[in-house]
Amino acid sequence: MSHPTDTPTVPAPAPIGDAPSRYFVTSFGCQMNVYDGERMGEMLSAQGMQAAATREEADLVILNTCHIREKAVARVYSDIGRLKREDGSKPMIAVAGCVAQAEGEEIARRARSVDIVVGPQAYHRLPQLIEQARTGQPAIDTDMPAVTKFGALPARTKQPRPTAFLTVQEGCDKFCTYCVVPYTRGAEISRPFADLVDEAKALVDGGVREITLLGQNVNAWAGTDGKGRPQGLDGLIEVLAELPGLERIRYTTSHPNDMTDGLIAAHRDIDKLMPYLHLPVQSGSDRILKAMNRSHNAASYLAIIDKVRRSRPDIALSGDFIVGFPGETEADFEATLDIVRAANYAQAYSFKYSPRPGTPAADMEDQISAQIMDERLQRLQELLGAQQHAFNAATVGKRTRVLLERQGRKDGQLVGKSPWLQSVHVIDPAARLGDLIDVEIVSAGPNSLEGLSLQLVTA
Ligand code: SAH
Ligand code: SF4
Ligand code: F3S
């Protein structure tokens, strides 16, 4: 609001567009974007807006974007184009997330229909940006304020699912030479211990039974507990595990260098901490790891895996891989296949290297051709796929516990997750979403399992 008496200079232009009343958020990229998207939605709902069931019904569409690979970015621009309606009108369009941070004003120049550009550390200011956009001027905010957004966001509300994400750490100081995250998410910050316990409690009160703690380097989380003692992620997990009603705890993504003995021991000592570890290695070649600035080598990575397995023998290991990093030879790539064989993954993600503007690797010599990358990716994925299938097949005949998360495609079918994060399909007319049930695994495919319901454990 402008007050003529205390603003003798140029008054802010009055809004000319209608205030949007129904929003729709689409999140791309990593789980942290999913978390951010949910918090944006909860904030707009707290402001009196409503969530639209579809994009078409919304008068504010937020594209919460990912900048990690070139393809992800191209997707944003094609999505913006598709938001135009048949009658020529369009909703208010906000580009949020990592593309917003990386490209800033450039987005509004390239795509004139964009009304708001807001970075991942500034989205608590969306209500003001919406007001500004109503004046017809693009509203752009890619600040990384010293005071984080978390304190400005409303408390968590009842969740639609029995599982939820909780960002505990954000940003990255590691600067792998291929990666945009240190630039788009900023420096590493850890959220305060007490705030995280409060948010976890609010999630559990709202019906959540499994929490996945999130961070770009989640195991770098550090804080001080209620008694003034310094704590790492294991200390936080220990306290969260005491929350009644919370049944399962997971965390992702970890960096090998922050895999402390305390966290490894937590996998042995804390029942609610699930036996699953996502620990990216990227490459098995020490030469390439060095060029990537990963600050670990193949042997140190395998030594960590070994320690983790001694602490929790049934742990399901997951990882990320990049093929075709500049200078990668056939021998380097074979070292990657070797480390995959040695580590033995239950599940993994693998990508073709994508040169990202502003990262050191984009300017390195000896960029690898698309054809070689395709061929290497295929070989790697065959191996990883076979390992995943074998891991799944090894669970056939076992009895395990499943947290039911969603309806399946077949009549009466429910889908949940095993402790090892496998999707398990079951038919149990007595069970409901959010229940933990005991099942016997009766068959396994490459991507999911079939379970026979034995009994309801907790409702
Ligand atoms: N902080 C996490 C993951 C960040 S991004 C970590 O360090 O493990 C998720 C994954 O995307 C990375 O692990 C990497 O495998 C992949 N990635 C990142 N930048 C990439 C690029 N330029 N090209 C291809 N894949 C990339
Ligand atoms: Fe990117 Fe490396 Fe940081 Fe992971 S650790 S976010 S790959 S710079
Ligand atoms: Fe993508 Fe940003 Fe996540 S670049 S992977 S959305 S941190």
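**Side note on the packing of helix α12 (residues 330–343) against helix α13 (residues 370–393)**
Working step 1: Axis separation between α12 and α13 bottoms out at 10 Å; the angle between their running directions is 10 degrees. When the interaxial angle is binned, α12 and α13 end up roughly parallel. For the pair formed by α12 and α13, the contact residues are Glu 330, Phe 333, Glu 334, Thr 336, Leu 337, Val 340 and Arg 341 on the first element and Arg 376, Arg 379, Leu 380, Leu 383, Leu 384 and Gln 387 on the second.
Working step 2: Tallied by class, residues from the contact of α12 with α13 come to 6 nonpolar, 2 polar and 5 charged.

**Here we look at the layout of surface pockets**
Working step 1: Volume-wise, the second largest pocket comes out at about 380 Å³.
Working step 2: The wall of the second largest pocket is formed by 18 residues, among which Tyr 23, Val 25, Gly 37, Glu 38 and Gly 41 lie closest to the centre.
Working step 3: Contributing elements (two or more residues each) for the lining of the second largest pocket: β1 (22–27) and α1 (31–46).
Working step 4: Counting residues per element, the lining of the second largest pocket draws most heavily on α1, which supplies 6 residues.
Working step 5: Here the residues of the lining of the second largest pocket sort into 7 nonpolar, 7 polar and 4 charged.
Working step 6: Lining the lining of the second largest pocket are residues from two domains, each supplying at least three of them: domain 1 (22–141) and domain 2 (149–394).

**Side note on the site of ligand 1**
Working step 1: Taken together, 15 residues surround ligand 1, and among them Tyr 178, Gln 216, Gln 282, Asp 320 and Ser 354 come closest.
Working step 2: A distance of 2.7 Å separates an oxygen atom of ligand 1 from a polar atom in the side chain of Gln 282.
Working step 3: One of the side-chain N or O atoms of Asp 320 is found 2.6 Å from an oxygen atom in ligand 1.
Working step 4: Relative to its unbound accessible area of 540 Å², ligand 1 is 90% covered by the protein chains.
Working step 5: Broken down by secondary-structure element, the contributors of at least two residues to the shell around ligand 1 are β15 (316–323) and β16 (347–352).
Working step 6: Along the lines of polarity and charge, the residues of the shell around ligand 1 split into 6 nonpolar, 4 polar and 5 charged.

**Some remarks on the nonpolar core**
Working step 1: Membership of the largest hydrophobic core comes to 56 residues, with the highest contact counts inside it found for Leu 213, Leu 233, Leu 236, Tyr 251 and Tyr 345.
Working step 2: Every residue in contact with Tyr 251, bar those within four places of it in the chain, is listed here: Thr 212, Leu 213, Val 218, Leu 233, Ile 237, Met 259, Leu 263, His 267, Leu 273 and Leu 277.
Working step 3: Judged by nonpolar contacts, the second largest core, of 20 residues, contains Leu 44, Ile 62, Ala 94 and Ile 130.

**Some details on the environment of Thr 65**
Working step 1: By the secondary structure assignment, Thr 65 is in strand β3 (residues 60–65).
Working step 2: The class of Thr 65 is buried, set by a relative accessible area of 0%.
Working step 3: The sequence separation of Thr 65 and Lys 149 amounts to 84 residues, and the corresponding C-alpha distance is 18 Å.
Working step 4: Residue contacts for Thr 65: discarding those within four places in its chain leaves Phe 28, Asn 33, Val 76, Val 95, Ala 96, Gly 97, Cys 98, Val 99 and Ala 100.
Working step 5: In this structure the side chain of Thr 65 is engaged in a polar contact, spanning 3.0 Å, whose partner is the backbone nitrogen of Val 99.

**Topic: α13**
Working step 1: When the terminal C-alpha atoms of α13 are compared, their 34 Å separation across 24 residues agrees well with the 34 Å that a helix rising 1.5 Å per residue should span.
Working step 2: The set of residues buried in α13 consists of Met 373, Arg 376, Leu 377, Leu 380, Leu 383, Leu 384, Gln 387, Gln 388 and Asn 392.

**Digging into the site of ligand 2**
Working step 1: The environment of ligand 2 is made up of Cys 172, Lys 174, Phe 175, Cys 176, Tyr 178, Cys 179, Val 181, Pro 182, Asn 217, His 255 and Arg 294.
Working step 2: A class-by-class count of the residues in the shell around ligand 2 yields 7 nonpolar, 2 polar and 2 charged.

**Comments concerning the packing of helix α7 (residues 193–205) against helix α8 (residues 233–240)**
Working step 1: Viewed as axis vectors pointing N to C, α7 and α8 meet at an angle of 35 degrees, and their least axial separation amounts to 11 Å. Judged by the twist between their axes, the crossing of α7 over α8 is right-handed. The residues of α8 that touch α7, namely those facing Phe 193, Leu 196, Val 197 and Ala 200, are Gly 235, Leu 236, Val 239 and Leu 240.
Working step 2: Here the contact of α7 with α8 is composed, by residue class, of 7 nonpolar, 1 polar and no charged.

**Here's the deal with the pairing of β15**
Working step 1: Judged by how many residues are buried, β15 sits mostly within the fold: 8 of 8 residues are covered.
Working step 2: Judged by which residues are buried, β15 turns out to be covered on both faces: Ala 316, Ser 318, Asp 320 and Ile 322 on one side and Leu 317, Gly 319, Phe 321 and Val 323 on the other are all buried.
Working step 3: For strand β14 (residues 276–278) and β15, the ladder comprises 3 bridges, and the chain directions are parallel. Looking across to β15, one finds that Tyr 276 is bridged to Ala 316.
Working step 4: Summarising the sheet, β15 and β16 pair through 6 bridges and their orientation is parallel.

**Some thoughts on the domain arrangement of the protein chain**
Working step 1: Per the domain assignment, the segments making up the protein chain are domain 1 (22–141), domain 2 (149–394) and domain 3 (399–458).
Working step 2: Taking only C-alpha atoms, the centre of domain 1 and the centre of domain 2 are 27 Å apart.
Working step 3: The interface is formed by 23 residues belonging to domain 1 together with 31 residues belonging to domain 2.
Working step 4: In total, domain 1 and domain 2 occlude about 2500 Å² of area from one another, counting both sides; carbon and sulfur atoms represent 56% of this.
Working step 5: By the criterion of area lost to domain 2, the three top residues of domain 1 are Met 32, Tyr 35 and Arg 39, representing 28% of everything that side buries.
Working step 6: At the boundary of domain 1 with domain 2, the tally comes to 5 salt bridges.
Working step 7: Between Glu 38 and Arg 161 there is a salt bridge, and its shortest N-O distance comes to 2.9 Å.
Working step 8: Remark: the boundary between domain 1 and domain 2 carries 16 residue pairs in polar contact (both at pLDDT 80 or more).
Working step 9: The element best represented in the side of domain 1 that touches domain 2 is α1, accounting for 11 residues.
Working step 10: Taken together, the residues of the side of domain 1 that touches domain 2 sort by class into 11 nonpolar, 6 polar and 6 charged.

Rules and cut-offs
Residues numbered from 1 in each chain as written. Chains lettered and ligands numbered in written order. Predicted model: local features only at pLDDT ≥ 70, side-chain atom pairs only at ≥ 80, totals over all residues. Heavy atoms only, no water. Axes fitted to C-alpha atoms, helices over the stretch in contact; angles between N-to-C directions. Helix = DSSP H or I, 4+ residues; strand = E, 2+ residues; numbered from the N terminus. Parallel < 35°, antiparallel > 145°, perpendicular 65-115°, else oblique. Contact = heavy atoms within 4.5 Å. Nonpolar A, V, L, I, M, F, W, Y, C, P; charged D, E, K, R; others polar. 1 Å grid on protein atoms, 1.4 Å probe; cavity = no way out; pocket = protein on both sides within 12 Å on 5 of 7 lines; lining within 4 Å. Points joined across faces, edges and corners; volume = space filled by probe spheres on them. Domains from an automatic or database assignment. Near = heavy atom within 4 Å. Polar contact = N/O pair within 3.5 Å; in protein donor to acceptor, adjacent residues only side chain to side chain. Areas by Shrake-Rupley, 256 points an atom, 1.4 Å probe, with all protein chains shown as cover. Core = buried A, V, L, I, M, F, W, Y, C linked by side-chain atoms within 4.5 Å. Buried < 20%, exposed > 50% of the residue type's maximum accessible area, 1.4 Å probe, protein only. Expected span 1.5 Å × (residues − 1). Left-handed = near helix turned anticlockwise from the far one by under 90°. Pairing = 2+ DSSP bridges. Buried area = accessible area lost by both parts, 1.4 Å probe. Salt bridge = Lys/Arg side-chain N within 4 Å of Asp/Glu carboxyl O.

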